[in-house]
Amino acid sequence: MKTLIKDGYIYDPANRREGVHDIFIVGNKIIKVAKKIKEKADRTIEASRMVVLPGLIDMHAHLREPGREDAETIETGLDSASRGGFTSVCAMPNTTPCCDNQGVVELMLEKARNARLAHLFPIGAITKNREGKELSEVGELRHAGCVAVSDDGHSVKDSSLLRRAMEYSLMFDIPIISHCEDVGLSQEGVMHEGYVSTVLGMKGIPSASESIIVARDLQLAEFTGARIHIAHVSSRESLDLIKHAKAKGVRVTCETCPHYLIFTDEDVRTFDTNFKMNPPLRTSEDREALRQAVHDGTIDVIATDHAPHIESEKDVEFDYAPFGIIGFETAVASLNTLLIRDKITDWNGIVELMSLHPAKILGLDKGTLGEGKEADITIIDPNERWVCTKDEIRSKSKNSPFIGFEFKGNVKYAMVSGHVTFGDVSLHRRSS
Amino acid sequence: MAKNNTIWNKKDLLGLEELSREEIEVILSTAGSFKEVSTRKVKKVPTLRGKTVVSIFCEPSTRTRLSFELAAKRLSADTVGITSSTSSAVKGETLKDTAKNIEAMNVDVVILRHTTPGAPHLLAKTLEPSVINAGDGAHEHPTQGLLDIFTMKEKKGKVKGLKVSIIGDIAHSRVARSNIWGLKKLGADVTICGPSTLMPVEIEKMGVSVTNSLDEAIEDADVLNVLRIQLERQKKGLFPSIREYINLFGINRQRLKHAKKDILIMHPGPINRGIELTHDVADGPYSVILEQVTNGIAVRMAILFLVTGGKI
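Here the residue numbering is sequential within each chain, running from 1 through the sequence in written order. All chains are assigned letters beginning with A, and all ligands numbers beginning with 1, in the order in which they are written. Given that this is a predicted model, residues contribute local features only at a pLDDT of at least 70 and side-chain atom pairs are listed and counted only at 80 or more, while totals for whole chains, interfaces and linings are drawn from all residues. Computation of side-chain values: all heavy atoms of the structure, hydrogens and water removed.

**Student:** Looking at this structure, I do not really get the interface of chain B and chain A. What am I missing?
**Tutor:** Note on interface size: it is often stated as the accessible area lost on association of the parts. Only heavy atoms matter for contacts: two residues are in contact if any of them lie within 4.5 Å across the pair. Taken together, the 23 residues of chain B in the interface contact 17 residues of chain A. Values labelled buried area give the accessible surface lost by two parts on being combined, using a 1.4 Å probe and summing over both. Together chain B and chain A conceal approximately 1,700 Å² of surface at their shared face, both sides included; 57% is due to carbon and sulfur atoms. It is Thr116(B), Pro117(B) and Val201(B) that lose the most area in chain B upon contact with chain A, and together they represent 28% of the buried surface on that side. Each reported salt bridge corresponds to a side-chain nitrogen of Lys or Arg within 4 Å of a carboxyl oxygen of Asp or Glu. Inspection of the chain B/chain A interface yields two salt bridges. Residue Lys96(B) pairs with Asp315(A) through a salt bridge whose shortest N-O separation is 2.5 Å.

**Student:** I'm lost on the packing of aromatic side chains in this one. Help?
**Tutor:** All names here are of chain A. To pair, rings of Phe, Tyr and Trp, with the six-membered ring standing in for Trp, must have centres within 6.5 Å; the planes then decide the type, stacked if under 30 degrees apart, edge-to-face if over 60, and tilted in the middle. Tallying each qualifying case throughout the model produces 13 aromatic pairs over all chains. Aromatic pair Phe402 and Phe407: ring centres 5.5 Å apart, planes at 45°, arrangement tilted. The rule is simple: take the accessible area with a 1.4 Å probe, protein chains only, and divide by the maximum for that residue type; under 20% is buried, over 50% is exposed, in between is partly exposed. The exposure class assigned to Phe402 is buried, which follows from its relative accessible area of 2%. According to the relative accessible area criterion, Phe407 is buried, its value standing at 0%. Taken together, Phe263, Phe275, Trp386, Phe402, Phe405 and Phe407 form an aromatic cluster joined through their ring pairs.

**Student:** Is there a simple way to explain the domain arrangement of chain A in this structure?
**Tutor:** All names here are of chain A. Domain delimitation in this document rests on an assignment produced automatically or drawn from a domain database. Along its sequence, chain A is organised into domain 1 (2–51 + 375–383 + 407–428) and domain 2 (55–362). Computed from C-alpha atoms alone, the centre-to-centre distance between domain 1 and domain 2 is 29 Å. Facing the 23 residues of domain 1 at the interface are 23 residues of domain 2. Counting each side, the surface lost to burial between domain 1 and domain 2 is near 1,900 Å², with a carbon and sulfur contribution of 63%. By the criterion of area lost to domain 2, the three top residues of domain 1 are Tyr11, Pro13 and Phe407, representing 26% of everything that side buries. Scanning the region where domain 1 abuts domain 2 turns up zero salt bridges. Here a polar contact is recorded for every N or O atom pair within 3.5 Å, except that within protein the pair must consist of a potential hydrogen donor and a potential acceptor, and residues adjacent in sequence are included only if both atoms are side-chain atoms. Taken together, domain 1 and domain 2 are joined by 11 residue pairs in polar contact (both at pLDDT 80 or more). Helix numbers and strand numbers start at the N terminus; a helix is a DSSP run of H or I with at least 4 residues, a strand a run of E with at least 2. Elements that contribute at least two residues to the side of domain 1 that touches domain 2 include exactly strand S1 (2–12), strand S16 (377–387), strand S17 (406–416) and strand S18 (419–422).

**Student:** Can you walk me through helix H2 (residues 63–74) of chain B in this structure?
**Tutor:** Each α-helix winds once per 3.6 residues, and so residues spaced three or four apart point in a common direction. Residues and elements named next belong to chain B. A helix is expected to reach a length of 1.5 Å times the quantity of its residues less one. Here H2 spans 16 Å end to end across 12 residues, near enough to the 16 Å set by a 1.5 Å rise per residue. Within the sequence span of H2, burial applies to Thr64, Ser67, Phe68, Ala71, Ala72 and Arg74. Seen from one end, H2 has its buried residues packed into an arc of 165°, which puts them on one side. Taken together, the buried residues of H2 touch strand S1 (52–57), strand S2 (78–83), strand S3 (109–114), strand S4 (130–136), helix H5 (142–156) and helix H11 (289–307). The arc under discussion is defined with respect to the helix axis, by the directions toward the C-beta atoms.

Below you can see the structure in the form of C-alpha cells.
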C-alpha cells in the first residue's frame, strides 16, 4: 500500500522541518518527505490546512486489561487512544494480575497486535505485585518488551529497595517511573489540602506528600546515577526540586497531565467526581507554575494518566469515588485550545512533549517524521470546533471532566505503521 | 403572613455559603413567626398538610433527627425516616438509587445527614423533591448554623457587630463552617480558637481571626460557641491527651472570670461534660444550650416551609 499525505503543515522538530510538505508512505515506512511529491499512491489523504505531526506517544495510561475489562480493554483503550491521535501507548502495570512477569506482558502485546490500533508498550512493575517488597525480574520484563518500570499508584516506600531497583535498572538502561506520594501524609485525603478543602470540609492531600518523595527519589537518582522519570507532577514544590536536580545534572525527566494545566481545586466545589484524581488538582498558583514549566522546558512530557472507571463506581459521593479520569480523546485538543492559545507552547512544543521526548525517554525510534522511519503519524485540524459529549466517547468508561467542553482543534487521522487507525480514508481513495 | 416572599426561591437548603444575607434574614424572621406554634396547647398548623417529608440519616443523630421530625409534624406534614442501619445501604445500594426510589414514592422533601461532604448536593442535582442538608461530613450543617444565629439574635437583639468565638475542633466541624458563613454575612466578628492540629489550613481566608489562646478568644466575646470534641481524634494523634485538651481549651468558671458579664455560652450538643465545658458552665447562667434546642424546631419549620414554596 502506498499512501500520500498531501499539503499538510508538518511539524518535525527532530529534523528541524516545518512547513507545507507531502509525505509518501510505502507499507509501514515513511519513504519521502518533500514539497509536491509526484509519486503515484493507492490513496491520498488531503491534509491542507491541517497539521501533520509525528505520531503522539502517551507514556502514562491505564488500560485495565487484564482484570478490569468492564472499565476498559486493551482494544477499547487503544481505540480511544487512536481517536485522540495517539499512535503509541504505555500501559501502567496496575492490572490484575499485575504486569510483573513475562506472561502478562505477552498477553497484553498479543491483545494489542490483534487490535491493530496504536502500538502498545507495557510498563513493568518495579516490585512484585507492586507491593514494595521484592524486585520484579526487571531483566525478563525488559526482554519481553517493557519500556520502563514503575509501581505506579504507589511509591516504593522502602528507600533501600528503591536504591537497589535503580542500581539494577542501570544494567538494562530502563527508566524508573516514580509515582511520588507519601501515603502517611496523604492518608485518607480526597483533594488538595488548601483553602478549598477547608471550605468543603474534605480531607486534604498536601503538596508535601508529593514533593517529599520527589526529593527522596531525586537524591537516590543522583546517588545511583539511575535514570528516573517523575510521573504526573502536580505541585510547584516538586517542580522547584526537579529544576534544581536537572541543573545539577541528575538524570531526571518529568511529566504532567492536561488536567493539571487546565483545572484547579476550585473545580472540586462542584462535587463532580471527574475532578477527583491522584495527585489531586491543586491551586491556580500550581497550575501557573506548571504552565511556566511547560514553557521553559522543566516539564519534558505531557501524558494523559488515562484512568477509566465505570460509571457506577464514579457516580457516587465524592469521598467514595475512585481516583482518576480518562484522557486520551481530549488531550491534544485541550492543549491546542488552551496552551497554544495562551502561547505557553506551540505545535513544535506539543510534538516534543507528546512524541519526541517520550520516545527518547523510553528508547523508542519514534517521535520524528524522518525518511525511513516507521509511519506513525497524527493529523489534526487545528481550527475545527467540537464539543466533547458522553455519547461519542470511545473509551469504555466515560469519566471525563471535559464532557460539555468546547474544543478548538480536532484529530482527523491517526496512522500506525502506515495503517490508518482513526479517520475516514475511503473518502480520499484515488484510483492509481 | 400574607406578603409575598420574593427573596426565597431556592428548592434546596444545602449550606449557608451560598445564601445571601437577605435569604438568611428571611429564614430567621420566618422562624420567629413559627416559634410561637410550639408554645400552643395544640402544637400544630396545617401549613404542610398533604406533604411528605423523608429523612435519611446515614450517621448517628438524635437531636437533629428528632428536631426535624417534630418540625415537620408541627407543620402537619407526613414524616418517615430511615437510618443507614435500616436502609438498603447495607445491601450495597448507592445513595443515589435509594433517593431515586424515595422520589418514585412522590415525596416532597428529603432531609439528608451523611458522612461525606457534597452528598446532599449530589441528591439535589438529581432529585425533584427539595433536599435539606442535615449535616454533610465536615462541610456544612446549615440548620444548626441558622439556629445558633437565631439564638444569638434573639438574646442580643442583633448579629451585626457581635463578637463570636468558636472553640474546639474546627477542622472536623460542619457547625463551625456554617456558623462562620452565616455570621460573616450578617456582619458579626468571628474568632476561632482551638489546637493548631484541629485548625484547617488557610481558614483565615474565610474572614475569621484565628487564635490558639482560649483567654484571647473569651476576652471581649459576646458569644462562645463551644464545639464537641470527638474523643477519637486524640487516638489519631491530633492532640496528646484529653487532660491537656481540658487544660488548654476546656471552659470552666475560672476561665470565664474575665469574660463579659452578659456572655452567651452555646454548644451544638451532645456535650462532653467535664471536657469542653464543665458542669457548672453548661448548666450555668450564661448557658443558652437548651434554648438552642427549642429554637432548632422553629428554624427547621421555617426551612421546611420555605423550600416547599411557602409564601410569607
